[in-house]
Amino acid sequence: MSGPLTFLVASPHLHGEVFGGTVILLLEHDAKGAMGLIVNAPTPQPVSELMAGAEGQDTPAWLGGPVDPTLGWCLYPDALELDGEMELVPGLNVSSSLDVLHAVMESGQRYMLVLGYAGWSAGQLTEEARAGAWVWVEQDTPELLWDIPAAGRWSEALRRLGVIPSTIMPGGAQA
């Protein structure tokens, strides 16, 4: 992946159990559709409760989205030079490999085990953005993910754009 990270930030007017108040790390967006991982929805279960061989891993698992919650993604800062790793930007790597996840856990570095993902069909995300459901935040570094607690990521992402949530009008851009 080249270029900055793109975070989709739910508009204050986007309500719902799954996407209201979310921040999504966009991993792919092209003519075929889009996919990303919600990065501000920790689950109450620690990784150790969800995986065999993960004893002592008390970090929470994260809900990445409603699509295929049996599929896991590992986000972590330091590459291990293993097959299946992809660097998004310096300081943020992603993998869906179980071997990489185990190696990351053994390395002792911080990580997020994200279960499931958010997906959009061709043109759907663009239409939702035009309707005002999402605000796009681009960042060259991953500190929004690593340095901001999950509960504050939504408001911090908007603050970085200079946006006060209460000032966003429903309906989006209609150019």
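Located above this text is the structure these notes cover.
Here we summarise the structure given alongside this text. For clarity, every value in this text was computed on a predicted model and none was experimentally measured. (Residues numbered from 1 in each chain as written. Predicted model: local features only at pLDDT ≥ 70, side-chain atom pairs only at ≥ 80, totals over all residues. Heavy atoms only, no water.)

**Notes on the environment of Ala-41**
The topology assignment puts Ala-41 in the loop between strand E3 (33-38) and strand E4 (42-46). In this structure Ala-41 comes out as partly exposed when scored by relative accessible area, which is 21%. Sequence-wise, Ala-41 and Val-18 are 23 residues apart; in three dimensions their C-alpha atoms are separated by 9.4 Å. (Helix = DSSP H or I, 4+ residues; strand = E, 2+ residues; numbered from the N terminus. Buried < 20%, exposed > 50% of the residue type's maximum accessible area, 1.4 Å probe, protein only.)

**Section: the nonpolar core**
Formed by 39 residues in total, the largest nonpolar core has its most connected members in Leu-25, Leu-75, Leu-92 and Trp-120. Among residues more than four places away in sequence, those in contact with Leu-25 are Leu-5, Thr-6, Phe-7, Gly-36, Leu-37, Val-39, Leu-75, Leu-88 and Leu-92. (Core = buried A, V, L, I, M, F, W, Y, C linked by side-chain atoms within 4.5 Å. Contact = heavy atoms within 4.5 Å.)

**Some remarks on the packing of aromatic side chains**
Under the definition given, this model contains three aromatic pairs. Seen in terms of ring centroids, Phe-19 and Trp-134 are 5.9 Å apart; in terms of plane orientation they differ by 80°. Their pairing is edge-to-face. Here the residue Phe-19 occupies a position in the loop between strand E1 (5-10) and strand E2 (23-30), and Trp-134 occupies one in strand E10 (residues 134-139), the gap between them amounting to 115 residues. Residue Trp-134 is classed as buried on the basis of its relative accessible area of 5%. Each member of the aromatic cluster is reached from another via a ring pair, and the members are Phe-19, Trp-120 and Trp-134. (Phe/Tyr/Trp six-rings, centres within 6.5 Å; stacked < 30°, edge-to-face > 60°.)

**Quick notes on unusual backbone geometry**
The backbone of Asp-68 shows a phi angle near 45°, a positive value even though the residue is not glycine. You can see Asp-68 is positioned in strand E6 (residues 67-76). Residue Glu-81 is not a glycine yet carries a positive backbone phi of 60°. Considering the arrangement of structural elements, one finds Glu-81 in the loop between E6 and strand E7 (86-89). The class for Glu-81 is exposed, based on a relative accessible area of 71%.

**Notes on the side chain of Arg-153**
Tracing the backbone through its elements, the reader meets Arg-153 in helix H5 (residues 153-160). The side chain of Arg-153 is buried and forms no salt bridge, while Asp-147, the nearest opposite charge, is found at 8.4 Å. One polar contact links the side chain of Arg-153 to the main-chain carbonyl oxygen of Leu-145, over a distance of 2.6 Å. Setting aside its immediate chain neighbours within four residues, Arg-153 contacts Val-23, Val-39, Asn-40, Trp-62, Met-112, Leu-144, Leu-145 and Ile-148. (Lys, Arg positive; Asp, Glu negative; His and termini not counted. Salt bridge = Lys/Arg side-chain N within 4 Å of Asp/Glu carboxyl O. Polar contact = N/O pair within 3.5 Å; in protein donor to acceptor, adjacent residues only side chain to side chain.)

**Things to note about the pattern of salt bridges**
Oppositely charged side chains may form a pair once their charged atoms are brought near each other. Considering all chains together, one arrives at four salt bridges under this definition. We note a salt bridge from Glu-127 to Arg-130, for which the minimum N-O separation is 2.9 Å. In this pair, Glu-127 and Arg-130 both sit in helix H3 (residues 124-130), three residues apart, roughly one turn of the helix. Between Arg-160 and Glu-143 there is a salt bridge; the shortest N-O distance is 2.7 Å.

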